[in-house]
Amino acid sequence: MSSETDPVVSLSGAKKYFGAVHALEDGRIDLYAGEAHALVGENGAGKSTLVKIFAGLHRPDAGRLCIEGKEVVFNSPRDAIQSGVAVIYQEPTLFPDLTVAENIFMDRQPQRSFHRIDYRGMNQAARAIFARLEVDLDPTRLALGLSIAEQQIVEIAKSLSLEARVIVMDEPTAALSSVEVDRLFRVAQTLKSSGVAILFISHRLDEVFTLCERVTVMRDGRFVQAAFTTETDEDSLVRAMVGRDVERRSDQVRGVDLKPLLEVEHLTLEGLFADISFSVAAGEVVALSGLVGAGRSEVATAIFGVRRYDYGKVKVGGKPIKRGSPSAAMAAGIGLVPEDRRLQGLVMEQSIARNIAMGSFKSLRRKGLIRSITETRFAADWSVKLQIKYGNLANSVSTLSGGNQQKVVLAKWMSRSPKVLIVDEPTRGIDIGTKAEVHRLILELAKSGVAVLVISSELPEVLNLADRILVMREGRLVGEFDHSEATEEAIIAAATLSKEVKAA
Amino acid sequence: MTLLEQNSQNNSARTGSSPTGVPGGASKFTSLVFRAREFGIFGILIVFVLLTTAVKPRFLAAQNIKFILIDTTIFALLALGETMVVISKNVDLSIGSILGISAFVSSNLYQQFHHISIVIVFGVGIGIGLALGVVNGVLIAFGRVPSLVVTLASLYIIRGLDVLIVGGRQVVASSLPSNFISVTSASFGAIPVISIVVAIIVVGGAYYLKNYRSGRDLYAIGSSEQAAALVGIPIAKRIFTAFAISGAIAGLAGVIWASYYGTIDSTAGTGYEFTVVTAVVVGGVAIVGGSGSAIGAAIGALLLNTINSSLYVLGVSAFWDQAISGLLLILAIALDRGLGLYVAKSLRKRSSRVAS
Amino acid sequence: MLQAETFELKDDLHPESGKNHLDIRSFLRWESGLGIVLVASLVIGTLASSQFLSSANFFNIGLSVGDIAIMALPLTLIVISGEIDLSVASTLGLSSSLLGYLWIHGWPIQLILPVVLVVGALLGFINGFLVTKLGLPSLAVTIGTLTLYRGIALILLGSNIVSNFPASYTTIGVTPIPGTPLPWSVGIFLVLALIFGVVAHFTPLGRSIFAIGSNAEAAAYSGIKVKQIKMRLYILSGVICSLAGILFTFRLATAEYDNATGLELNAVSIVLLAGVSIFGGRGTILGVVLAAATVGAIGNALLLANFPQQAMGLIFGGLLLISVFVPNARELALRFKGQLSKGRLVGSHRG
């Protein structure tokens with residue numbers, strides 16, 4: 001351990017604002033050669049923003065970024081790469097039609113006479129890097145069909161070929177199997193021993209202690225503490241990450257004595273999730289928790305029908321629903337507020353009014369026709385009910401803030417008076433004030449008798465909203481907690497540890 | 001294909017993890033399937049030639065081979081330019097019009113200057129094509145307008161210009177000097193000299209695309225523009241160059257066309273754009289960009305012309321020719337898609353076996 | 001096919017980022033621009049030739065664009081839904097050939113017409129099947145069926161020309177609707193345009209088509225049956241194009257395999273000139289009506305001014321380029337100012 005030396009990279013006092021949202025208030029981290037430094041914190045703690053500063057994608061509004069003592073400014077990803085900082089994303093962007101070696105050396109291919117590409121040299125160089133990383137990957141195969149783990153290895157190989165001194169790994173393990181995680185860690189150890197500084201972002205604390213020498217905790221965009229992993233433990237890290245009294249729902253659990261409204265039986269989709277069974281009663285809020293990549297959103301989309309499952313059954317009010325058909329699910333009263341608001345929830349270039357009305361076109365017909373005025377009135381009613389802040393309903397929905405966009409998606413579904421509403425990451429990327437409003441709306445819906453299934457990576461949100469909490473890990477249900485007995489620590493444990501946790 | 005499908009396909013292709021212990025297994029398999037696609041087209045060609053020859057041995061008579069090769073030559077040349085464009089996830093519909101205007105203007109030089117050098121004639125033809133390709137390239141690469149729309153517009157504009165220039169005139173074979181005619185009439189036995197020259201150009205083009213960074217950049221752009229931008233590939237410059245070259249090649253093809261047909265009016269090359277795109281796609285170049293080779297495209301052009309000729313020789317009505325090329329194109333893209341899905345699915349199967 | 005968003009744009013915290021989109025008001029601007037071009041071409045035509053405003057000439061204008069305009073209507077909906085159909089003119093040609101083929105084989109015309117329309121639907125179904133069920137790119141599929149359908153027409157009729165259709169039908173093609181200067185094809189176009197306009201702009205189906213073209217994934221997440229709707233649009237395109245084929249045949253009083261060869265590009269041009277985005281999600285039927293009228297009027301004015309007919313492409317191509325550059329002009333100007341260097345994405349180059 002080289003704690004006495006100066007850091008390779010040092011970030012201090014970094015701030016980043018997006019309009020009213022303060023994504024980063026005080027970003028601070030020092031990375032040392034030959035060491036892995038973990039960055040942990042809940043979703044929204046500012047980790048991603050910090051990573052994007054290292055990647056050259058965001059320019060901080062304030063703060064200093066120094067490399068080997070010299071202050072630098074990254075204006076583009078190229079600047080970052082040239083300064084020796086490489087970022088490995090959870091899902092790398094590769095060229096699927098090109099070979100692995102070409103992906104590594106794109107536009108820097110070794111050349112022979114007449115500037116021709118030296119394929120043999122290139123493949124050998126790639127092989128040499130893989131040998132150094134101690135992985136067995138054929139440089140001549142196409143990138144098409146590489147697993148995420150293999151794609152990450154290719155990215156790491158690319159950053160090594162660029163002689164990166166700092167490698168940032170942004171939640172690399174979220175979508176990996178345990179075998180793949182082991183391999184990645186072996187690679188990371190090799191990198192460390194060759195003097196590379198690693199910034200490792202993960203939700204899995206056990207991984208932090210396995211791989212890293214230091215750990216920094218962030219909360220609400222601020223640096224909280226930094227420590228050697230040898231001098232701290234999981235419990236104190238979790239306390240530092242949570243760091244506040246968790247607000248709890250005060251009202252009593254409802255729906256437990258009612259008959260289940262949404263029933264999911266043995267739902268299986270090969271490769272994504274298996275044997276998922278649970279139910280949600282009218283008036284009950286059930287949370288589906290777990291790490292990103294555990295298969296939660298996949299289950300939600302399968303219930304709603306945009307994804308076809310292989311086996312199992314989905315029933316609403318006892319009646320089975322045709323699989324693979326969103327319109328059948330909607331006819332049965334299911335609604336889905338999807339995970340990716342911009343890609344799945346909204347048609348960004350269309351008007352606010354059109355987006356709110358999108359699920360209700362048929363019911364807006366008068367004598368067979370929809371008139372814009374009917375649509376606008378309908379949208380105006382719901383905008384008032386949900387307190388959506390907008391300039392003009394005819395403006396495209398892309399003019400709204402993230403929070404108001406999310407309310408538009410909620411309005412689309414609430415206006416259909418659903419029996420079952422699934423909300424996937426309902427408050428991701430929206431400001432605190434609107435967040436509270438969205439929570440209130442979800443609870444009101446439940447109060448009015450809707451069965452609500454919430455998917456969230458934010459534990460305070462889960463604890464605040466849910467009557468019951470289901471935990472998924474690697475495509476399976478591994479735990480169930482009642483509102484009264486659930487704690488952040490218990491949920492994190494169930495979501496990350498490999499042994500099954502059953503709460504009494 | 002809908003966005004949704006495409007995403008889920010991508011996902012399944014991406015998430016389909018192969019067993020960590022045996023990464024070689026999946027790789028060999030994938031490469032093999034895709035290589036099969038490139039050789040498959042050649043196989044079909046051979047089968048066609050053999051079957052036709054078995055029934056009618058005169059199919060391989062020198063004169064017939066010569067006809068097939070000359071026709072193929074022009075399309076194979078155009079297919080080289082189109083390949084560069086399609087690989088980068090674009091399309092050039094203006095090549096037929098460029099060929100037409102180049103054919104007339106270059107050969108018409110002989111009416112005005114009786115003793116003009118053939119080099120100048122070729123230079124003018126290529127120059128016209130290059131200039132028009134540059135205009136296409138500027139509008140597409142720097143104006144950020146879809147190539148489908150720009151080249152559709154230039155298809156019309158160039159043909160309109162051609163009509164204005166040609167007026168009621170026509171170039172006739174008797175006005176062309178023998179050294180110009182002999183560009184396409186000279187041959188080594190059954191093989192026209194021009195076919196050999198074009199074959200060298202096509203092989204050279206394919207070699208460039210395979211062995212030079214700027215050539216690989218076109219594949220990279222077509223494969224994933226986002227990744228290309230992250231790597232720092234000069235996307236606009238490369239796409240511009242591809243269109244400029246495609247234009248120049250169409251200009252060259254125009255001069256060859258003039259030499260071969262001898263009679264040139266304002267309709268030369270009409271409708272060639274779709275024939276060439278068909279040849280390119282049948283030859284294994286993905287219409288969605290990122291893969292394929294100029295040699296494959298040339299074989300595609302040869303296959304289309306061979307089928308045409310063998311129908312004739314077999315006494316099947318030549319009327320079947322068009323229908324067969326259309327069907328071939330659809331089969332080719334369906335096959336590509338099928339292979340893609342098959343690979344993705346088998347990779348997913350492998351992964352789930354590991355997971356469970 | 002159009003995810004040209006950069007890394008930054010994926011960030012949830014950037015609600016305003018993304019493509020620059022036109023709202024309803026700029027649609028209206030587009031249509032009023034077309035209206036001005038139309039009026040200008042009428043004025044120039046009147047000045048250029050005293051015959052321009054005669055009813056006989058109106059009839060000619062109508063004849064010159066009627067069939068193409070009819071094909072452009074379903075094509076418009078297909079382009080709005082984010083796909084393309086280049087096989088429209090071949091469908092027309094095959095329908096025309098089938099009409100001639102059945103006629104010389106002694107079928108009664110009352111039976112031929114419905115059969116031709118059913119076959120048109122089948123041709124559209126084939127396109128739809130390949131695009132929605134097999135998931136093939138519509139550009140390549142319809143270039144394939146463009147060749148295939150024309151090829152089948154060639155197999156049916158060979159080099160024969162069928163021209164002994166009953167006069168009672170062929171007069172439909174060359175006489176105006178009684179009491180108007182309009183040919184029947186234009187009358188049918190206007191009625192269809194009205195129906196298409198209502199469907200596109202005032203029904204759930206129309207709204208779904210726009211949503212699919214803007215963001216097919218979000219449309220599917222709103223319960224819109226993306227594939228089913230696309231399939232139906234292709235079938236509709238097949239039927240309408242074979243109707244255009246019937247009209248085309250009667251207008252020329254001949255059925256030939258190469259009827260309307262190459263007109264797919266004219267139809268696509270009208271659609272794009274109408275302000276329909278090649279990326280899908282934007283466009284109006286009113287624009288298509290205005291674009292068709294403009295193309296007809298300009299073509300006719302040039303003809304009266306003795307401009308060679310074959311060179312008209314110059315004007316249409318020019319209009320087409322203007323139609324794609326004008327809406328982007330502001331964005332382009334901005335970009336050329338603060339420009340190019342920073343490895344930015346060039347955007348998707350094809351629709």
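Residues numbered from 1 in each chain as written. Chains lettered and ligands numbered in written order. Predicted model: local features only at pLDDT ≥ 70, side-chain atom pairs only at ≥ 80, totals over all residues. Heavy atoms only, no water.

With respect to the overall build of chain B
Right, so step 1: Check the secondary structure of chain B and you find 14 helices and two strands.
Right, so step 2: Approximately 13000 Å² of chain B is accessible, and the part contributed by carbon and sulfur atoms is 70%. (Helix = DSSP H or I, 4+ residues; strand = E, 2+ residues; numbered from the N terminus. Areas by Shrake-Rupley, 256 points an atom, 1.4 Å probe, with all protein chains shown as cover.)

Re the packing of helix H12 (residues 272-282) of chain B against helix H13 (residues 294-314) of chain B
Residues and elements named next belong to chain B.
Right, so step 1: Where H12 contacts H13, the two axes come as close as 7 Å, and the packing angle between them is 115°. Here H12 and H13 pass one another in a crossing that is right-handed. Between H12, through Thr275, Thr278, Ala279, Val280 and Val282, and H13, the contact on the second element is made entirely by Ala297, Gly300, Ala301, Leu303 and Leu304.
Right, so step 2: Here the contact of H12 with H13 is built from residues that sort into seven nonpolar, three polar and no charged. (Axes fitted to C-alpha atoms, helices over the stretch in contact; angles between N-to-C directions. Left-handed = near helix turned anticlockwise from the far one by under 90°. Contact = heavy atoms within 4.5 Å. Nonpolar A, V, L, I, M, F, W, Y, C, P; charged D, E, K, R; others polar.)

Examining the sheet that holds strand E15 (residues 319-320) of chain A
Residue and element names in this part refer to chain A.
Right, so step 1: Across the sheet, which stays open at both edges, the four strands sit in the order E12-E11-E14-E15 with antiparallel pairing between neighbours. This sheet does not close on itself; its edge strands, each paired only once, are strand E12 (273-281) and E15.
Right, so step 2: Of the pairings in the sheet, the one linking strand E11 (residues 260-269) to E12 comprises six bridges and is antiparallel in character. Within the sheet, the bridge partner assigned to Leu269 lies in E12 and is Phe273.
Right, so step 3: With respect to the sheet, helix H9 (residues 296-304) is in contact with E11, E12 and strand E14 (311-316), its orientation differing from that of E12 by roughly 70°. (Pairing = 2+ DSSP bridges.)

Quick notes on empty space enclosed by the protein
Residue and element names in this part refer to chain A.
Right, so step 1: Applying the stated criterion across every chain, the model contains five cavities of 30 Å³ or more.
Right, so step 2: Here the largest cavity defines a volume of roughly 230 Å³.
Right, so step 3: As for the largest cavity, its lining consists of 17 residues, of which His203, Leu291, Ser457, Leu459 and Ile492 are closest to the centre.
Right, so step 4: For the lining of the largest cavity, the element with the most residues is helix H17 (residues 488-496), which contributes five residues.
Right, so step 5: Residues belonging to the lining of the largest cavity are distributed by class as follows: seven nonpolar, eight polar and two charged. (1 Å grid on protein atoms, 1.4 Å probe; cavity = no way out; pocket = protein on both sides within 12 Å on 5 of 7 lines; lining within 4 Å. Points joined across faces, edges and corners; volume = space filled by probe spheres on them.)

Remarks on the confidence of the model for chain B
All names here are of chain B.
Right, so step 1: The predicted model of chain B averages 85 in pLDDT, with 86% of residues at 70 or higher.
Right, so step 2: Looking across chain B, the model is least confident in helix H1 (residues 3-15), with a mean pLDDT of 33, and most confident in helix H11 (residues 235-261), with 97.
Right, so step 3: The low-confidence segment residues 1-27 (pLDDT under 50) makes 71 contacts with residues lying over four places distant or belonging to another chain.
Right, so step 4: Of the regions scoring below 50 in pLDDT, residues 351-356 engages in five contacts with residues more than four places distant in sequence or in other chains. (pLDDT = per-residue confidence, 0-100.)

Focus on the pattern of salt bridges
Residues and elements named next belong to chain A.
Right, so step 1: Under the definition given, this model contains 21 salt bridges over all chains.
Right, so step 2: One salt bridge connects Glu71 with Arg64, and the closest N-O pair in it is separated by 2.8 Å.
Right, so step 3: Residue Arg64 is classed as partly exposed on the basis of its relative accessible area of 40%.
Right, so step 4: For Arg354, the salt bridge goes to Glu375, with nearest N and O atoms at 3.3 Å. Here Arg354 is found in helix H12 (residues 352-357), whereas its partner Glu375 is found in helix H13 (residues 372-385), with 21 residues between them in sequence.
Right, so step 5: Overall, the relative accessible area of 17% leaves Arg354 in the buried class. (Salt bridge = Lys/Arg side-chain N within 4 Å of Asp/Glu carboxyl O. Buried < 20%, exposed > 50% of the residue type's maximum accessible area, 1.4 Å probe, protein only.)

Quick notes on the interface of chain B and chain C
Right, so step 1: The partner chain C presents 74 residues to the 56 residues of chain B that form the contact.
Right, so step 2: Here chain B and chain C share an interface that buries about 5800 Å² over both sides, 72% of which is from carbon and sulfur atoms.
Right, so step 3: Area buried by chain B at its contact with chain C is led by B:Arg144, B:Tyr156 and B:Phe274, which between them contribute 13% of it.
Right, so step 4: Run the count over chain B and chain C and you get zero salt bridges.
Right, so step 5: Remark: the boundary between chain B and chain C carries three residue pairs in polar contact (both at pLDDT 80 or more).
Right, so step 6: When residues of the side of chain B that touches chain C are traced back to their parent elements, those giving at least two are H1, helix H5 (118-142), helix H6 (147-166), helix H10 (225-231), H11, H12 and helix H14 (320-355) of chain B.
Right, so step 7: Considering every element that reaches the side of chain B that touches chain C, the biggest residue donor is H6(B), with 13 residues.
Right, so step 8: Residues of the side of chain B that touches chain C, tallied by class, amount to 38 nonpolar, 12 polar and six charged. (Buried area = accessible area lost by both parts, 1.4 Å probe. Polar contact = N/O pair within 3.5 Å; in protein donor to acceptor, adjacent residues only side chain to side chain.)

Description of a negative patch on the surface
Right, so step 1: A cluster of acidic residues, A:Asp206, A:Asp233, A:Glu234, A:Asp235 and A:Glu489, forms a negative patch on the protein surface.
Right, so step 2: Counting through the fold element by element, A:Glu234 comes out in helix H8 (residues 234-242). (Patch = residues over 30% accessible without salt bridge, like charges linked within 9 Å, V, L, I, M, F, W, Y side chains within 5 Å. Lys, Arg positive; Asp, Glu negative; His and termini not counted. Charge placed at Lys NZ, Arg CZ, Asp CG, Glu CD.)

A few points about the pairing of strand E4 (residues 62-67) of chain A
Each regular strand shows side chains that alternate between the opposite faces of the sheet.
Residue and element names in this part refer to chain A.
Right, so step 1: Sheet analysis places strand E1 (residues 9-18) next to E4, joined by five bridges and oriented antiparallel. For Ser10, the partnering residue across the bridge sits in E4 and is Cys66.
Right, so step 2: Sheet topology note: the E4/strand E5 (residues 70-71) ladder contains two bridges and is antiparallel. Note that in E5 the partner of Ile67 across the bridge is Lys70.
Right, so step 3: Linking E4 back to E5 in an antiparallel pair, the connection comprises two residues, with Glu68 at a positive phi of about 45°.

Considerations on the packing of aromatic side chains
Residues and elements named next belong to chain B.
Right, so step 1: Evaluated as defined, the whole model comprises 12 aromatic pairs over all chains.
Right, so step 2: Ring centres of Trp257 and Tyr261 lie 4.4 Å apart, and the angle between their planes is 35°; on these two criteria the pair is classed as tilted. In this pair, Trp257 and Tyr261 are both assigned in helix H11, four residues apart and thus about one turn of the helix distant.
Right, so step 3: Take Tyr261: its relative accessible area is 37%, and that puts it in the partly exposed class. (Phe/Tyr/Trp six-rings, centres within 6.5 Å; stacked < 30°, edge-to-face > 60°.)

Things to note about the nonpolar core
Residue and element names in this part refer to chain A.
Right, so step 1: Counting 264 residues, the largest nonpolar core has Leu262, Phe278, Ile303 and Ile334 as its most contacted members.
Right, so step 2: No fewer than three residues from each of domain 2 (247-333 + 419-504) and domain 3 (345-417) sit in this core.
Right, so step 3: For Phe278, the residues in contact, after removing those within four places along its chain, are Leu262, Glu263, Val264, Val299, Ile303, Leu453, Leu470 and Leu477.
Right, so step 4: By size, the runner-up hydrophobic cluster in this structure holds 67 residues, among which are Ala38, Met122, Leu137 and Ile156. (Core = buried A, V, L, I, M, F, W, Y, C linked by side-chain atoms within 4.5 Å. Domains from an automatic or database assignment.)

Re unusual backbone geometry
Residue and element names in this part refer to chain A.
Right, so step 1: The backbone of Asp220 shows a phi angle near 50°, a positive value even though the residue is not glycine.
Right, so step 2: Residue placement: Asp220 occurs in the loop between strand E9 (214-219) and strand E10 (222-228).
Right, so step 3: Assessed through its relative accessible area of 47%, Asp220 is described here as partly exposed.
Right, so step 4: Phi at Gln387 is positive, roughly 50°, even though this residue is not glycine.
Right, so step 5: Overall, Gln387 belongs to the partly exposed group, its relative accessible area being 44%.

Focus: the pairing of strand E16 (residues 334-337) of chain A
All names here are of chain A.
Right, so step 1: Burial along E16 is two-sided: the residues Ile334 and Leu336 and Gly335 and Val337 are all buried.
Right, so step 2: Pairing between E16 and strand E17 (residues 420-424): four bridges, direction parallel. By the bridge assignment, Leu336 is partnered in E17 with Ile422.

Digging into the sheet that holds strand E18 (residues 451-455) of chain A
All names here are of chain A.
Right, so step 1: With mixed pairing, six strands are arranged side by side in an open sheet as E16-E17-E18-E13-E19-E20. Among the strands making up the open sheet, the edge pair consists of E16 and strand E20 (476-482). On average, adjacent strands in this sheet sit at an angle of 20° to one another, irrespective of strand direction.
Right, so step 2: Relative to E20, strand E19 (residues 468-473) runs antiparallel, the two sharing six bridges. Note that in E20 the partner of Leu470 across the bridge is Glu480.
Right, so step 3: Set on the sheet, helix H14 (residues 402-414) makes contact with E16 and E17; between it and E16 the angle comes to about 175°.
Right, so step 4: With respect to the sheet, H17 is in contact with strand E13 (285-290), E19 and E20, its orientation differing from that of E19 by roughly 30°.

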